[in-house]
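One letter stands for each residue in the lines below.
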There are 2 protein chains.
Amino acid sequence: MISDVRPAVDGGRYPVKRVVGDPVTVEADLLVDGHDRLAGALLYRLRGEPAWREVPLEPVENDRWRAMFVPDAIGAWEVAVTGWVDGYATWAHGLRRKLEANQDVELELEGGAALFAAAAARAGRGQASDRLMTLAVALRTPGDARARAGAALAGDAASLMRAHPDRGAATVQEPPLPLTVDPPLAAFSAWYEMFPRSSGAEGKHGTLRDAEARLDDIADMGFDVVYLPPIHPIGRTHRKGRDNSLVAQPSDPGSPWAIGGAEGGHKSVHPQLGTVEDVRHLAAAARARGLELALDIAFQTSPDHPYVKEHPEWFVHRADGSVQFAENPPKRYEDIYPFDFAGPAWESLWNELRSVFLHWIAQGVRVFRVDNPHTKPIPFWHWCIQSIKADHPEVIFLAEAFTRPKLMAVLAKAGFSQSYTYFTWRTSKWELTEYIRSIVDTDVKEYFRPNFWPNTPDILPEHLQYGGRAMFITRAALAATLSSSWGIYGPAFELMEHVARPGSEEYASNEKYQLRAWDQSSRDSLRPIIKRLNQIRRENPALERVTGTSFHRTDNEMLICYSRRSADGDSRLLVVVNLDPHNTQSGWLDLDLYALGIGADEGFQAHDLIGDGRYLWRGARNFVSLDPRAMPAQIFRLRRHMRTETSFEYYL
Amino acid sequence: MISDVRPAVDGGRYPVKRVVGDPVTVEADLLVDGHDRLAGALLYRLRGEPAWREVPLEPVENDRWRAMFVPDAIGAWEVAVTGWVDGYATWAHGLRRKLEANQDVELELEGGAALFAAAAARAGRGQASDRLMTLAVALRTPGDARARAGAALAGDAASLMRAHPDRGAATVQEPPLPLTVDPPLAAFSAWYEMFPRSSGAEGKHGTLRDAEARLDDIADMGFDVVYLPPIHPIGRTHRKGRDNSLVAQPSDPGSPWAIGGAEGGHKSVHPQLGTVEDVRHLAAAARARGLELALDIAFQTSPDHPYVKEHPEWFVHRADGSVQFAENPPKRYEDIYPFDFAGPAWESLWNELRSVFLHWIAQGVRVFRVDNPHTKPIPFWHWCIQSIKADHPEVIFLAEAFTRPKLMAVLAKAGFSQSYTYFTWRTSKWELTEYIRSIVDTDVKEYFRPNFWPNTPDILPEHLQYGGRAMFITRAALAATLSSSWGIYGPAFELMEHVARPGSEEYASNEKYQLRAWDQSSRDSLRPIIKRLNQIRRENPALERVTGTSFHRTDNEMLICYSRRSADGDSRLLVVVNLDPHNTQSGWLDLDLYALGIGADEGFQAHDLIGDGRYLWRGARNFVSLDPRAMPAQIFRLRRHMRTETSFEYYL
């Protein structure tokens, strides 16, 4: 009996997610009645491979078994557990007990001879088979029972028998568990969002070529992904004006999310931004700098999208024959038409929408940020993402779903590689601690990869409006060190744009509705600290995954302290952040030394990778004091303090 | 999308267990993309019923829904969850928001008319349909929009629409979850085990008719089940003598578990005990006293069992042609042959073994204690028990498996109604607390029903050998109040038999190998206290299930304190036991008043149902002192202290 195979998402209904090169550890209960000895193997393969690869399962305790493998390619994998009665081990165990009790074992030796002969037959022809047959014959040859038993129980005999087990009655777990193996970028990424139309010379509508000129800066800041809001033609009917006003001026560029006009739809490029060829060029230019270009896919149209006339069957029509616009009563979005995903023409619609991704993949785009996926059916995403990844396993999908927790979870289960989170609204020590724990200390980590954003074009949270420079640094440091993926909407972030429409968490003079000229040369820019954060991320494997996070007690509610540790334990960081942007906060840390892998009375060095201070600490209690006007965060690399025999001290 | 439906055992692979008349509460996540309103229902039926019965699901929080039903018959049930988009609720929600915002709603009213007309069509002919159609027409009739909307949003319209939902696109969970509904005795039972052959006149082999004479005593002690070791003919070959000696004297009766001789096998009765007719008589006589007769089914044979000659294909044969006897090297049980459950003749063997149960069921036996089920294949038990219960859902199977925890668990999952446990070896406060919590605070409670035995013919635990009368009372009180099922091997228990074979936990002069004469009239007998315990069990619903157990802190490691509470909260017991059989132990209880449903500063009465003392307590801290020479346990019934307006005090 095989049961409780882990990791599994919803009992195998959805795949577990891993990154190529990361170990996959699988556990299962193997049970058999009575006293028989068991053996088992973990089976794994890239889907489509004709045969399983396998590695032996090792017993852990309490009928639990475990094995590990490292997937060597991205794609859809499957894993299964198999187990069987180990006839040789059962026989050897009983034989040893009887020999110890000086019981007659002639019949056991005869039974053993049959086991060896059968193994010889399974081994085919060759040295192994010959040796097994020799052992079988020796067991049957009259003589000293202890000597005959000894040869059959010896290590080399046992190894040969283990190598040629009788698996004719093996149980194989059915169906296998699915496993998605992604490129490392899916788990570890720093995103930079920008509106390309704001990258033109002052006052002029920027182009994709203008945006290309910013790639060096973005790469220099250490980002991995440069992400653009929708780049398609923008509708004119009911176009929104500045600050989301209902009436647009002729010069207003409109919201990029009101997709489609006379110039084309989801597969076209806004003429003022450039051409499809420019997208290809931008993607290649980004990649040359170690950056991936990410496009924003928003499955909705403006009233002017060619689909509206060409495919009225893809939309809901109201009683008066008009197309149903988007609304969340009493809010009305008359510039946006949603698709009718469950309508009679769903199949042609689904195929067309999938072809939008394929179109941009053909231009060299590998990363997509998907707008509001929670307002489209989960089965659509499941089908769309799985079928795209079957041919393009390298593609990464980020779900921009700010919705109910379980709906966010099921989007991740259905295939999204990364997910926006509630981080933007988690500000107190308690909130941050509980939120991180809900992700990394539960099965959620098997399928949900968080991407922490301090701001987005849709959200200028209250704390950034009033917290000043310290709060911007705090939020960046938290996002960059708590989550293995993070992102900012720039240049609004690094230039500390903090003016909101009164009483809202929306930017005033929002780039969604107008061009903005950003002073990239500002001496106040947070560029240096952002660059340092991304550099720390790249140099410390502890930050590459969300696992390995422990929270440590502090005696000051304004001081949050947590550590990050790589799976191999070699990389260890300790982060202390002052959550109060206005006042110096001091306090004692009470470190969980066990979680840090440090002895109770062991000295260790804490090297602040931001301020470059080095401290010698010993024991759990250490004092910190952070002045937010200087630097609200410290990120310590921990080195154990080693004393050699010659009393020469150094740090590992 | 429907997910995480609970309760479920191994994702629905095995049934959840309940008792007829007990509520079954089912929860599930219902999810839909976007902002649509959902509705759902819990579907349930006795397997084979042509149509589902159903009850509406109610939202709990965080997309979790819940419903409850009470199964009204024993048998195999199935439950499933269904959910659908509630078109009316979605429409009504949007309409209300628009009315509040003073938006035009003409198109909404038109859409609503279509919803009402469709519901009218679904309602068929009659008053409901007419009323729905009237509402549809009113929505379409020009006039004041608010008035028309008001009628369609009113309570009676909403009720009608809820009663006739459009479930054409409903999701139904597939496959349904299995649920076993047992008679109450499966969950709540007190067992008395006795060797009928010891019930004869002094020195004479007792008969089933002699055993019948003991039924009044057993019923008077408050037991529900009288359980006999195997009653079949006993083999002579390699028969074990007194104290498990290898050579039996001619007068030695042999072990009842060495089943089968010239006189017959598993379907026969040992001639010295009586006849099959006597079993029928005994079962009826027991039932007339409120007792169920339980037989012991041990699927193994003596070398003399008719099966050995008639069906050699049901046994394993050794290299020399002899039948393989039972062994657990270096232990050899030459008087016992195991069956070959996985051999080539497995199918005829399985059918024959099942027919053993059916044979005794036909004689009126409803309860079986199964010997060592963990040495037989789980698939056999799954098939055997499920197929028997399909025709005889009232039958109860107790698994005597003292083996590894997960193997014990899977036997319960595969169908055993009750299970022996590790209670016999859990003696310290910490062990008892952790063990109970592992059963009642986890999903284990969904399928595993513990039966606590202080002793069995196989086990005289060390603490009963040396703990004296106090320890016997302590173990009985713990078993009777911690587990809803318990049992003793008597008269050895009530007569405090405590002499073991030196250095072992086996009884000396064990009844397994010889007749014993018990002095039923002994003035030292524990009969009065056992009777009182069973009476307390019957009078206090808090003890009828294993759930509702809370442990309370004490400042003395020798004092264990726990409370039991019925599902409705009306029945509340607090138990305090002194685990030290030799010394008076005193200490402060620190009661978890929340778990008891008592206010922090509320007075309450604690009435000791054993010693009959009544105490007025207030608050969490209360002092107790227990002298084991008098009584090592107190079982308090708690009554809240009520003060009426006239200052007359009484207790609920």
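Keep in mind that what you see is a predicted model, and the values were worked out from it rather than measured.

Some details on the overall build of chain A
Step number 1: Each helix and strand in chain A was counted, giving 17 helices and 31 strands.
Step number 2: With the principal axes as the frame, chain A shows a C-alpha extent of 105 × 70 × 45 Å.
Step number 3: Classification of the 652 residues of chain A by burial places 57% in the buried group.
Step number 4: Long-range pairs, those at least 24 residues apart, make up 73% of the contacts in chain A with a sequence separation of at least 6.
Step number 5: Distance between charge centroids for chain A: 1 Å, based on 74 positive and 85 negative side chains.

Comments concerning the nonpolar core
Step number 1: Formed by 150 residues in total, the largest nonpolar core has its most connected members in F223, F299, F357, W360, F368 and W486 of chain A.
Step number 2: In terms of residue count, helix α15 (residues 468-482) of chain A provides more of this core than any other element does, nine residues in total.
Step number 3: Excluding anything up to four places from it in sequence, F357 of chain A contacts I297, F299, F368, V370, W381, C384, I388 and F397 of chain A.
Step number 4: F299, M408, A414 and L495 of chain B belong to the second-largest nonpolar core, a separate cluster that totals 149 residues.

Quick notes on the sheet that holds strand β3 (residues 24-30) of chain B
Residues and elements named next belong to chain B.
Step number 1: Across the sheet, which stays open at both edges, the four strands sit in the order β1-β3-β7-β6 with antiparallel pairing between neighbours. The two strands at the open ends of the sheet, each matched to only one other strand, are β1 (2-6) and β6 (58-59).
Step number 2: Pairing geometry for β6 and strand β7 (residues 64-69), over two bridges, is antiparallel. Bridged to P59 within β7 is W65.

Things to note about the interface of chain A and chain B
Step number 1: Contacts between chain A and chain B engage 42 residues on the former and 42 residues on the latter.
Step number 2: Surface buried jointly by chain A and chain B totals about 3600 Å² across both partners, of which 55% is contributed by carbon and sulfur atoms.
Step number 3: Where chain A touches chain B, the interface holds six salt bridges.
Step number 4: Two residues, R404 of chain B and D63 of chain A, come together in a salt bridge whose shortest N-O distance is 3.0 Å.
Step number 5: Linking chain A with chain B are 16 residue pairs in polar contact (both at pLDDT 80 or more).
Step number 6: Sorting the residues of the side of chain A that touches chain B by element identifies β1 (2-6), α1 (87-100), α2 (106-122), β15 (326-328), α11 (378-391) and α12 (405-414) of chain A as the ones contributing at least two each.
Step number 7: It is α12 of chain A that provides the largest number of residues to the side of chain A that touches chain B, a total of four residues.
Step number 8: A class-by-class count of the residues in the side of chain A that touches chain B yields 16 nonpolar, nine polar and 17 charged.

A short note on the sheet that holds β1 of chain A
Step number 1: Spatial ordering of the open sheet is given by β1-β3-β7-β6 (chain A), a layout of four strands whose pairing is antiparallel. On the outer flanks of this sheet lie β1 and β6 (58-59) of chain A, each paired with one strand and no other.

A closer look at the pattern of salt bridges
Step number 1: Applying the stated rule across the entire model yields 92 salt bridges over all chains.
Step number 2: K512 of chain A is the partner of D458 of chain A in a salt bridge, and the nearest nitrogen-oxygen pair spans 2.4 Å. Of this pair, D458 of chain A sits in the loop between β21 (450-452) and α14 (462-466) while K512 of chain A sits in the loop between β22 (485-489) and α16 (527-539), and the two are 54 residues apart along the sequence.
Step number 3: The class for D458 of chain A is partly exposed, based on a relative accessible area of 27%.
Step number 4: On the basis of relative accessible area, K512 of chain A is assigned to the buried category, the value being 8%.
Step number 5: Connected through shared salt-bridge partners, D4, R6, E27, D29, R64 and R66 of chain A together with K406 of chain B make up one network.

Observations concerning the relation of the copies chain A and chain B
Step number 1: Least-squares fitting of chain A to chain B yields an RMSD of 0.0 Å, with the transformation described by 0.0 Å of translation along the axis and a rotation of 180 degrees. Such values leave the two copies arranged in the relation of a two-fold axis. Taking C-alpha positions as reference, the residue of chain A nearest the rotation axis is G11 of chain A, located at 3.6 Å.
Step number 2: Of the residues that chain A buries at the interface, 100% are likewise interface residues in chain B, meaning the two copies contact each other through the same surface.

Thoughts on the pairing of strand β23 (residues 549-554) of chain A
All names here are of chain A.
Step number 1: For β23, a buried count of five out of six residues is recorded, marking the element as mostly surrounded by other parts of the structure.
Step number 2: Between the antiparallel neighbours β23 and strand β24 (residues 559-565) lie four residues.
Step number 3: Looking at chain direction, β23 and strand β26 (residues 585-590) are connected through two bridges and run antiparallel. Its bridge partner lying in β26, R553 is registered against D590.

Analysis parameters
- Residues numbered from 1 in each chain as written.
- Chains lettered and ligands numbered in written order.
- Predicted model: local features only at pLDDT ≥ 70, side-chain atom pairs only at ≥ 80, totals over all residues.
- Heavy atoms only, no water.
- Helix = DSSP H or I, 4+ residues; strand = E, 2+ residues; numbered from the N terminus.
- Buried < 20%, exposed > 50% of the residue type's maximum accessible area, 1.4 Å probe, protein only.
- Contact = heavy atoms within 4.5 Å.
- Lys, Arg positive; Asp, Glu negative; His and termini not counted.
- Charge placed at Lys NZ, Arg CZ, Asp CG, Glu CD.
- Core = buried A, V, L, I, M, F, W, Y, C linked by side-chain atoms within 4.5 Å.
- Pairing = 2+ DSSP bridges.
- Buried area = accessible area lost by both parts, 1.4 Å probe.
- Salt bridge = Lys/Arg side-chain N within 4 Å of Asp/Glu carboxyl O.
- Polar contact = N/O pair within 3.5 Å; in protein donor to acceptor, adjacent residues only side chain to side chain.
- Nonpolar A, V, L, I, M, F, W, Y, C, P; charged D, E, K, R; others polar.
- Least-squares fit on C-alpha atoms with pLDDT ≥ 70 in both.

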